[in-house]
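# Observations on the three-dimensional arrangement
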Amino acid sequence: MSDKYLPERSLKAVWHPCTQMKQHEALPLIGIARGERVWLYGHDGKRYLDAIGSWWVNLFGHANPRINAAIRDQLDRLEHVMLAGFTHEPVVELSERLAKLMSGRLGHCFYSSDGASAVEIALKMSFHYWHNHGHPKKNRFVSLRNGYHGETLGALSVTDVALFRDAYSPLLRDSRHVATPDWRYAAEGESARDYAVRAADALETHLAQYHAETAALIVEPLVQGAAGMGMYHPAYLKRARTICDDYQVHLIADEIAVGFGRTGTLFACEQADIVADLLCLGKGLTAGYLPLSVVMTTDRVYQAFYHDSVAQGFLHSHTHAGNALACGAALATLDIFEQDKIIDANRAKARYLNHAAGPISSHPKVKNFRNCGMIWAFEVDTSDRAFAAKFFEAALKQELSLRPLGNTVYFMPPYVIDEQEMDWLVEGTLRAMDTY
Ligand SMILES: *Cc1c(COP(=O)(O)O)cnc(C)c1O
């Protein structure tokens, strides 16, 4: 089994996600042999800086010794047990610690394995809550233009990314998308804050008319990831919270991508000083190690299901919900946040990268250079429809893993990136821009 043939074997046997397989006739597929910190090491002898955290999940680098040790330790005790009728220490401790981080206001944790499943859970739970309260007509959802919540059918129904959605539209439930607060859509001279408030007005207009049939609003707090890292002012969330309360509609915060420090605070909702009714977490929950997601909710939602009748309970399940190894990785992740004061450390790193990235933001082909916490993004002014694929390839030549969304290039590096590596990232990106 020669490693040299790994990409070819993969293209024959593995159907890769989010990929038109035919494009790999021309595009390289990179076999990765191992990872260490921010680096991925290929079978081709090259290394790549994982500048997008392996699809936004990796927080503390590859092969992190502390997370590795925690998983090994858990492995020797219990790898998995079903969470119906049984429980285990890591899942209890994780739930208690997460609840504490929410000051106890979201004290009930419902687990699944991936982000889309968490979104399905939040949608079903919201609907079922209203149903149990005698409001079965509240069975619609409202979401934001350019929102992304995953690709299973329910999650795709509240997603507004044409490329992922259009082919499946006959399968999707009709869902309303209201104005996005993304400041790139602000009018000339309008501040990000004013635009966010104006977008919230559109939400209010919608709910004034449709609240009786609406169960929940679902949003990606502060950064709309998959549609191109659209960033917005927290004033939107603040107003959305009030509007949802006024119209008896749940607020679902999908922090699957933005949770765990990505926006500069541990959770994005903190910046608006709000608490959602249902909070979805995934991706960084295990620092990118293992599939685990959770929906956290209030006592109020929980109590609506607590009843003598079985059917009034939340009968949803995923086989690997609350997997013990994954919970072990999540606990080690929370330890690192605390012990290394990651949120503070990231602030200094963000300052450094913002400064270092000066030549990108002033590059003649770059528009809308923006930053939120540990996320950076900009649009490249080009009419080349193959830009994303060409740039990906040009970046690989600079030993960078960068996968643009359309003509939006973004960085979501692991938090362990150091100053030298940030300089490397900027310089390589500039060279890729000149050579793609
Ligand atoms: C990635 C993502 C999801 C889906 O998570 P999966 O683990 O890929 O199913 C949902 N919502 C947001 C905001 C995401 O970024």
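Source: prediction; values computed, not measured.

Another point: helix α12 (residues 342-356). Spanning 15 residues, α12 covers 20 Å between terminal C-alpha atoms, matching the ideal 21 Å at 1.5 Å per step. Residues of α12 that are buried: Ile342, Ile343, Asn346, Ala350, Leu353 and Ala356. Down the axis of α12, the sector holding all buried residues measures 130 degrees, keeping them to one side. Every exposed residue of α12 that faces more than 90 degrees away from the buried side is listed here: Arg351 and His355. Contact partners of the buried residues in α12: α11 (324-339), α13 (358-361), β14 (375-380), β16 (408-411) and α15 (419-435).

The subject of this paragraph is the side chain of aspartate 182. Following the sequence through the fold, aspartate 182 ends up in the loop between β6 (176-178) and α8 (192-210). At 2.7 Å, the side chain of aspartate 182 forms a polar contact with the side chain of arginine 184. Apart from the residues lying within four places of it in its own chain, the contact partners of aspartate 182 are Tyr195, Gln224, Gly230, Met231 and Tyr232.

The next point concerns the domain arrangement of the protein chain. The domain architecture assigned to the protein chain consists of domain 1 (6-58 + 348-435) and domain 2 (69-339). In this structure, domain 1 and domain 2 have C-alpha centres spaced 27 Å apart. Taken together, the contact pairs 21 residues of domain 1 with 20 residues of domain 2. Approximately 1,800 Å² of surface area, both sides summed, lies buried where domain 1 meets domain 2, with 67% of it carried by carbon and sulfur atoms. The largest share of the area that domain 1 buries against domain 2 comes from Trp56, Arg370 and Tyr415, three residues that together contribute 34% of it. For the pair domain 1 and domain 2, the number of links is one salt bridge. A salt bridge links arginine 184 to glutamate 379, with the shortest nitrogen-to-oxygen separation between them at 3.0 Å. Joining domain 1 to domain 2, the criterion identifies 10 residue pairs in polar contact (both at pLDDT 80 or more). Of all the secondary structure elements, the ones that give two or more residues to the side of domain 1 that touches domain 2 are α2 (53-56), β13 (366-372), β14 and β16.

Spatial strand order, β1-β2-β3-β15: four strands in an open sheet with mixed pairing. With partners counted over all chains shown, the strands left at the sheet margins are β1 (32-36) and β15 (400-401), one partner each. Bridge count for strand β2 (residues 39-42) against strand β3 (residues 47-50) is three bridges, and the pairing is antiparallel. Opposite tryptophan 39, over in β3, you have leucine 49 as the bridge partner.

What follows covers the site of the ligand. Surveying the vicinity of the ligand reveals the residues Trp56, Asp114, Gly115, Ala116, Tyr148, His149, Gly150, Glu220, Asp254, Ile256, Ala257 and Lys283. Separating a nitrogen atom of the ligand from a side-chain N or O atom of aspartate 254 is a distance of 2.7 Å. One of the side-chain N or O atoms of lysine 283 is found 2.6 Å from an oxygen atom in the ligand. Compared with its free state, where it exposes 380 Å², the ligand has 82% of that area covered by protein. Of the residues contributing to the shell around the ligand, the split by class is five nonpolar, three polar and four charged.

Turning our attention to the sheet that holds β13. Strand order across the open sheet formed by three strands is β13-β14-β16, with antiparallel pairing between neighbours. The two strands at the open ends of the sheet, each matched to only one other strand, are β13 and β16. For this sheet the average axis-to-axis angle between neighbouring strands, irrespective of direction, equals 15 degrees. Bridge count between β13 and β14: five bridges; the pairing is antiparallel. By the bridge assignment, asparagine 371 is partnered in β14 with tryptophan 376.

Conventions we followed
Residues numbered from 1 in each chain as written. Predicted model: local features only at pLDDT ≥ 70, side-chain atom pairs only at ≥ 80, totals over all residues. Heavy atoms only, no water. Helix = DSSP H or I, 4+ residues; strand = E, 2+ residues; numbered from the N terminus. Expected span 1.5 Å × (residues − 1). Buried < 20%, exposed > 50% of the residue type's maximum accessible area, 1.4 Å probe, protein only. Arc of directions from axis to C-beta. Contact = heavy atoms within 4.5 Å. Polar contact = N/O pair within 3.5 Å; in protein donor to acceptor, adjacent residues only side chain to side chain. Domains from an automatic or database assignment. Buried area = accessible area lost by both parts, 1.4 Å probe. Salt bridge = Lys/Arg side-chain N within 4 Å of Asp/Glu carboxyl O. Pairing = 2+ DSSP bridges. Near = heavy atom within 4 Å. Areas by Shrake-Rupley, 256 points an atom, 1.4 Å probe, with all protein chains shown as cover. Nonpolar A, V, L, I, M, F, W, Y, C, P; charged D, E, K, R; others polar. Axes fitted to C-alpha atoms, helices over the stretch in contact; angles between N-to-C directions.

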